[in-house]
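Close look at the chain arrangement
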Amino acid sequence: MTPAISIVMPCYNGARHLAQSVASVQAQTRGDWELIIVDDGSRDDSWQVMQALANADPRIVPLQQTNAGAAAARNTGLARARGRLLAFLDSDDTWHPEFLERMSAALAGREDGALAYCGWQNIGVGREGSKPFVPPDYETTDKVEALLGGCRWPIHGAMLGMAAIRRHGAFDTALSSCMDYDLWLRLGSVLPLVRVPEVLAFYHFHDGEQITKNRSRIAFNHLRAQRKFLAANPDIAARLGRHKVRDITDGELLHRAYTSYWKGDLLTARPLFRAVMKSGYGGAKDWLYMLPALLPLPLHRLLLNTRRRPNAADTRSKSS
């Protein structure tokens, strides 16, 4: 029987966490799903684990490919998917048992023409006490501008109709991170967004390999996705105007640089500051903080240790 919901899960060296993530799918109150797990050239026992899981549950479909990255793995899964609805779950994250039920109910009657998103929470190593977060309602008159600033839900905090992704495109394999942001930006700008104000997705931090640990790479890929969208939609760029576009793009990069800087993470902040300076963005006060990124790292670190962190109003950094 054709499943109602297809779930695509890329897996790279995820053997330690795979069973837990799959268990959160099997615990769903809706059972009419298929779970397509794509082994992206793992070097651990991921393939053996997913084969064992598939042998125990016929709804699980294991696929294997040469390592090509998360975007390519998700596209491989999409090519095999048969459901009318679509969701994504990474091999080290989990869902609330009612995720599929609540999200599909939010899309009832417009499965082929809307995108639903929900709240989420960070848990795991180093995230003790992390508060649940429910994104704001993006379906407003300034939706595109808000989405350009950032889509504040994770890849496993969304559901959409398969027809929408077939119509508007899949994941950009040129992006090593933020490929989900690139997709949500493209889809969210043309589809109605449905907010489900509940925490239904959980992002698990651990000591293994995770795309989200490389903050500078994420920041630069976020900027690439923004610029790609604006280049493909010159009318939107013209409507926003040059100054607004710069605030949304270079300003966001500067904000991320400041965030890392005040956490003492100069290895992330320095390349971001340099990129902002190269673009010529920022006020005089910003440049006082950015210019030391041209110094050797030990001198920059010494200078950071002598500085007092300013109030939020003392810098140009903006909320994400």
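This report concerns the structure included in the present document. (Residues numbered from 1 in each chain as written. Predicted model: local features only at pLDDT ≥ 70, side-chain atom pairs only at ≥ 80, totals over all residues. Heavy atoms only, no water.)

Below, the discussion takes up the overall build of the protein. Scanning the protein for helices and strands turns up 13 helices and eight strands. At 21 Å, the protein has a C-alpha radius of gyration in line with the 20 Å of a compact globule built from 320 residues. The contacts of the protein with a sequence gap of at least 6 include a subset with a gap of at least 24, amounting to 76%. Counting only carbon and sulfur atoms, one obtains 54% of the accessible surface of the protein, whose full area is about 14,400 Å². Computed over 40 positive and 32 negative side-chain charges, the inter-centroid distance for the protein is 8 Å. (Helix = DSSP H or I, 4+ residues; strand = E, 2+ residues; numbered from the N terminus. Rg over C-alpha atoms; globule rule 2.2 N^0.38 Å. Contact = heavy atoms within 4.5 Å. Areas by Shrake-Rupley, 256 points an atom, 1.4 Å probe, with all protein chains shown as cover. Lys, Arg positive; Asp, Glu negative; His and termini not counted. Charge placed at Lys NZ, Arg CZ, Asp CG, Glu CD.)

Among the residues of helix α4 (residues 99–106), F99, L100, M103 and S104 are the ones counted as buried. One side of α4 holds all its buried residues, which, seen down the axis, span an arc of 110°. (Buried < 20%, exposed > 50% of the residue type's maximum accessible area, 1.4 Å probe, protein only. Arc of directions from axis to C-beta.)

Below, the discussion takes up the packing of aromatic side chains. As enumerated under the stated definition, the model contains 15 aromatic pairs in all. Summarising the aromatic geometry, the rings of F88 and F171 are spaced 5.1 Å apart at their centres and angled 85° between planes, so their arrangement reads as edge-to-face. In this pair, F88 sits in strand β4 (residues 85–88) while F171 sits in the loop between α6 (162–168) and α7 (179–188), placing the two residues 83 residues apart along the sequence. Like F88, the residue F171 is buried in the burial classification. Directly above the ring of F171 sits R74, whose terminal nitrogen or CZ lies 5.6 Å from the centroid. The ring centre of Y289 lies 4.4 Å from the NZ or CZ of R307, which sits over that ring. (Phe/Tyr/Trp six-rings, centres within 6.5 Å; stacked < 30°, edge-to-face > 60°. Lys NZ or Arg CZ within 6 Å of the ring centre and 35° of its normal.)

This next bit is on unusual backbone geometry. Located in the positive-phi region is N13, a residue other than glycine, with phi close to 50°. For N13, a relative accessible area of 19% translates into the label buried. Residues other than glycine seldom take positive phi values, yet C178 does so here, at roughly 60°. Locating C178 in the fold gives a position in the loop between α6 and α7. The exposure class of C178 is buried, given its relative accessible area of 10%.

In this section: the side chain of S6. Tracing the sequence through the fold places S6 in strand β1 (residues 5–11). The exposure class of S6 is buried, given its relative accessible area of 0%. Reaching out from S6, the side chain makes a polar contact with the side chain of E34 at a distance of 2.6 Å. Engagement of the side chain of S6 in a polar contact is seen with the backbone nitrogen of R82, the distance being 3.2 Å. (Polar contact = N/O pair within 3.5 Å; in protein donor to acceptor, adjacent residues only side chain to side chain.)

So, about the sheet that holds strand β8 (residues 193–205). The strands that make up a sheet pair up through hydrogen bonds in the backbone, lying either parallel or antiparallel. Within the open sheet, the eight strands sit side by side as β3-β2-β1-β4-β7-β6-β8-β5. Their pairing is mixed. The two strands at the open ends of the sheet, each matched to only one other strand, are β3 (60–65) and β5 (94–95). Strands in contact with helix α2 (residues 46–56) are β1, β2 (33–40) and β3; relative to β3, the strand with the most contacts, it is inclined by about 155°. Sheet strands touched by α7: β4, β6 (115–124), β7 (158–161) and β8. Its angle to β7, the strand with the most contacts, is close to 50°. (Pairing = 2+ DSSP bridges. Axes fitted to C-alpha atoms, helices over the stretch in contact; angles between N-to-C directions.)

Attention shifts here to the nonpolar core. Soluble globular proteins: nonpolar side chains tend toward being buried together. Of all hydrophobic cores here, the largest spans 44 residues; its most connected members are F88, W153, L160 and W184. With six residues, α7 is the largest single contributor of residues to this core. Setting aside anything within four residues of it in sequence, one finds L160 in contact with R84, L85, L86, F88, L107, E111, A114, L115, I165, W184 and L187. One finds C11, W33, L107 and V194 within the second-largest nonpolar core, a separate group that totals 31 residues. (Core = buried A, V, L, I, M, F, W, Y, C linked by side-chain atoms within 4.5 Å.)

Here we come to the pattern of salt bridges. This model, assessed by the stated rule, comprises 18 salt bridges. Ionic pairing is found between D182 and K228, a salt bridge with its closest N-O pair at 3.2 Å. Placement of D182 in helix α7 and of K228 in helix α8 (residues 215–232) is noted, with a sequence separation of 46 residues between them. The residue R215 makes a salt bridge to D265 at a minimum N-O spacing of 2.7 Å. In this pair, R215 is assigned in helix α8 and D265 in the loop between α10 (242–262) and α11 (266–279), connecting sequence segments 50 residues apart. Through salt bridges with shared partners, a single network forms among D172, D182, R186 and K228. (Salt bridge = Lys/Arg side-chain N within 4 Å of Asp/Glu carboxyl O.)

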